[in-house]
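Remarks on the overall topology
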Amino acid sequence: MECAAKGSGTRCSGAATRPCARCEAVAYCSLSHQIAHWSRHKHECDRLQQQMKSVEVLNHFPFTFSREATFQVCAKQETRCSFLSKRGLHQVGMWMHECNCGPSCASFDCLGLNNGWDLPSILCPCCGPDTPVSEQLHSWRDYCKWRCIPLDSPVALLLHWPLTVYHAAQLVGITTANPEISDKLYIHYLGPEKELLQLAVFGELLALFPGVHVHIELVGPAIPPQRDGEKTCISKYPSCNEDECQCKLASENTILGTQTGTTSTLTLRLWRGFYHDRYRDIVKDSFPHLVIAPNGGIAAYSSWLPSIELIGKIDVPAVFTDYCEEACHLAASCITTLSGCPLRLPVQLNPFRQPIAVEDSVLLLPCYSNCFLFGM
């Protein structure tokens with residue numbers, strides 16, 4: 001863990017082993033750094049103290065590996081590498097980007113559309129669901145029950161991307177029964193990074209939005225120049241590792257609406273650059289029903305400000321997520337100050353956050369990818 005005062009002046013003297021006695025959410029390398037940082041920390045200390053009371057809620061997941069992936073990772077008794085290694089997934093396919101020793105996401109040499117789950121069929125959603133999703137899913141337990149996935153399966157570590165999109169859409173009133181979206185749903189997805197190397201998992205949106213043609217415009221500076229404008233259509237799910245499974249037969253791996261007979265499709269298009277710079281080109285073919293910015297870091301990057309202003313002007317639902325409640329609080333403060341309007345969606349816990357803790361967080365609060373969300 002980093003010293004909370006790192007970068008604010010003198011060099012840190014060692015590991016951050018001195019937690020703040022009041023909030024216990026941040027730690028320092030020395031007493032001198034703690035004293036020097038108090039002028040800044042005092043404005044957040046009480047708020048962080050309240051957030052620390054939610055640790056048990058943050059760490060609560062229905063999976064059999066929950067303690068291993070939450071408490072033990074935070075306590076450094078386990079690592080992401082060891083978690084994946086025990087399941088034969090370390091440095092494998094889409095999973096290789098889930099630990100710190102994986103290839104750098106900065107290269108994006110291969111965006112990984114053809115990667116499979118590298119798991120037996122019983123542990124992954126490699127084929128369409130037995131029944132269409134008939135009611136809103138509220139939790140990982142709901143999802144696993146619907147998709148007949150056992151609670152010892154690790155697939156939620158990757159499925160948090162499409163499930164967060166699904167949950168955000170539900171929160172702003174976008175459902176398959178909504179006449180506004182009819183048979184097409186346009187989503188502008190801002191600031192993608194690691195998920196660019198796991199694009200195949202977005203195929204699960206075929207099951208979550210049956211009978212709908214989902215168009216996702218992925219916009220961000222992390223997209224490599226040679227991929228700018230690239231368009232890919234997905235009509236099947238990532239496959240399992242069993243040669244005899246029906247997921248290997250493309251004709252049986254396309255999701256059909258059982259009542260309407262219509263086929264769902266998913267189109268992904270890549271745009272390099274900032275949203276406010278590329279918006280005019282994007283909306284020629286795709287005016288959004290939803291804008292979403294997963295793990296946005298809104299308060300950390302000034303480059304977000306013109307994009308936030310643009311989103312306010314076009315007046316479409318926009319949902320942002322981040323790794324912890326404090327990051328969302330700071331981001332929400334920036335947005336409300338800039339827009340002069342209250343949030344449409346208050347800061348709230350995402351039930352489909354990734355169920356493995358982030359290692360080496362700046363806070364002693366447990367952090368998860370897509371942990372909290374809010375909307376404007």
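Under an unreviewed UniProt entry, the name given to the protein is MYND-type domain-containing protein, and the organism recorded is Canavalia gladiata.

Within the protein, the secondary structure is distributed over 12 helices and 10 strands. Taken over the C-alpha trace, the protein has a radius of gyration of 21 Å; the compact-globule value for 376 residues is 21 Å, and the two agree within 12%. Principal axes of the C-alpha set define a box for the protein whose edges measure 65 × 50 × 40 Å. By residue count, 52% of the 376 residues in the protein fall in the buried class. Taking the intrachain contacts of the protein between residues at least 6 apart in sequence as the baseline, contacts between residues at least 24 apart amount to 74%.

Ranked by size, the top nonpolar core spans 115 residues in total, and within it W117, Y143, F202, I216, Y275 and F320 carry the most contacts. Look past the residues within four positions of F202 in its chain and what remains in contact with it is W161, P162, V165, Y189, E195, I216 and L266.

This part takes up the packing of helix α2 (residues 45-52) against helix α12 (residues 325-339). Contact geometry for α2 and α12: axes closest at 10 Å, N-to-C directions at 135°. Taken as axis vectors, α2 and α12 run oblique relative to one another. Taken as a pair, α2 and α12 cross one another with a handedness that is right-handed. When α2 is examined against α12, the residues R47, L48 and Q51 are found in contact with a partner set consisting of E325, E326, H329 and L330. Here the contact of α2 with α12 is built from residues that sort into two nonpolar, two polar and three charged.

The next point concerns unusual backbone geometry. Leaving glycine aside, a negative phi is the common case for residues, and trans is the common case for peptide bonds. At Q91, a position not held by glycine, the phi torsion is positive, near 60°. Here Q91 is to be found in the loop between α6 (80-86) and α7 (140-146). In the Ramachandran plot, C148 falls in the positive-phi region, its phi being about 55° despite a non-glycine side chain. With respect to the element layout, C148 can be found in the loop between α7 and α8 (156-171).

Turning to the environment of Y166, a few remarks are in order. Checked against the element boundaries, Y166 lands in helix α8. Put simply, Y166 and L137 are 29 residues apart on the chain and 9.0 Å apart in space, counted from C-alpha to C-alpha. Not counting the four nearest positions on each side in its chain, Y166 is found in contact with E135, Q136, L137, L208 and F209.

Before going further, it helps to spend a moment on the environment of G173. Positionally, G173 belongs in the loop between α8 and β3 (184-190). Spatially, the C-alpha atoms of G173 and P317 are 9.4 Å apart, while their sequence positions differ by 144 residues.

Here is what the cut-offs are and how they apply
- Residues numbered from 1 in each chain as written.
- Predicted model: local features only at pLDDT ≥ 70, side-chain atom pairs only at ≥ 80, totals over all residues.
- Heavy atoms only, no water.
- Helix = DSSP H or I, 4+ residues; strand = E, 2+ residues; numbered from the N terminus.
- Rg over C-alpha atoms; globule rule 2.2 N^0.38 Å.
- Buried < 20%, exposed > 50% of the residue type's maximum accessible area, 1.4 Å probe, protein only.
- Contact = heavy atoms within 4.5 Å.
- Core = buried A, V, L, I, M, F, W, Y, C linked by side-chain atoms within 4.5 Å.
- Axes fitted to C-alpha atoms, helices over the stretch in contact; angles between N-to-C directions.
- Parallel < 35°, antiparallel > 145°, perpendicular 65-115°, else oblique.
- Left-handed = near helix turned anticlockwise from the far one by under 90°.
- Nonpolar A, V, L, I, M, F, W, Y, C, P; charged D, E, K, R; others polar.

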